[in-house]
Amino acid sequence: MMIPVNLIRQYIFCPRIVYYNLLTDIKPQFPRHVSLGTEYHTLQDELLKNRRFKKLNINYREIITGKYFSMQDPGIGGIVDLGFVCEDEVVPVEYKFIDGKPSLSHKLQLAAYGKLMSEYYGLPARRGIIIYSNNIKFYQVVFSREIWNKLQKVIAGIQKIVDTEIFPDSSATEKQCSQCEYLNYCNDRI
Ligand code: SF4
């Protein structure tokens, strides 16, 4: 089964979400954070003009937007919001609509998009960018060995849930559960 990259963040939040999502028919409606629609284009233009972005020296030869990538090993797939293909690297970009420094889960998800692009274009992914709806704020994330190792562990964890079909334990806090769309199905919580 192809693991959707956007489940990486969900898995870190709570592994049961992965179970519900991939192994059951329970599909709550996740509220879309913000529907940006055609504003993506404006955001992209603003990013390209930004002085701080220019300093990153991303000498792209191609910009890709909303492109689906998948790979076999590990079996993951997902849509890259925006990505730069350069002569010697690929750089994925993710839009986020919640302000604040990128969390580990954001970084791992971005790295997974980097992995997908890297496989497709045969170029290394060394860094990515997380941009907030307001382009003045964006962060470069360097894909360290630690990030790749953690990503590998998370993907293996998701794969294990899929393979064993065992309902996972959760260490989610009461606060996390209270924001979770699956709360009604987790009878042992709260
Ligand atoms: S309700 Fe809590 S334990 Fe259940 S899936 Fe959501 S976060 Fe996880």
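See above for the structure.
Keep in mind that what you see is a predicted model, and the values were worked out from it rather than measured. Each chain has its residues counted from 1, running along the sequence as written. In keeping with the predicted nature of the model, local features appear solely for residues at pLDDT of at least 70, side-chain atom pairs appear and are counted solely at 80 or more, and the whole-chain, interface and lining totals rest on all residues. Based on all heavy atoms of the structure, the side-chain values leave hydrogens and waters out of the count.

K.L.:
So, unusual backbone geometry: which residues are in play, and what are the values?
P.N.:
A cis amide bond links Asp 73 with the next residue in sequence, Pro 74, at an omega value of 0 degrees. For helices the rule is a DSSP run of H or I covering at least 4 residues; for strands it is a run of E covering at least 2, with both sets numbered from the N terminus onward. Residue position: Pro 74 is located in the loop between strand 2 (60-71) and strand 3 (76-86). In this structure, Asn 57 is a non-glycine residue whose phi angle is positive, near 55 degrees. With respect to the helices and strands, the residue Asn 57 is situated in the loop between helix 4 (51-55) and strand 2. Notably, Glu 165 is not glycine yet its phi reads approximately 55 degrees, a positive angle. Here Glu 165 shows up in the loop between helix 6 (145-164) and helix 7 (174-178).

K.L.:
Can you explain the pairing of strand 2? Please cite residues and give values.
P.N.:
Pairing between strands is defined by DSSP: at least two bridges between them are needed. As judged from the 10 bridges shared by strand 2 and strand 3, these two strands associate in the antiparallel manner. Within the sheet, the bridge partner assigned to Ile 64 lies in strand 3 and is Gly 83. Taking the residues that link successive antiparallel strands as the turn, the strand 2-strand 3 hairpin has four residues.

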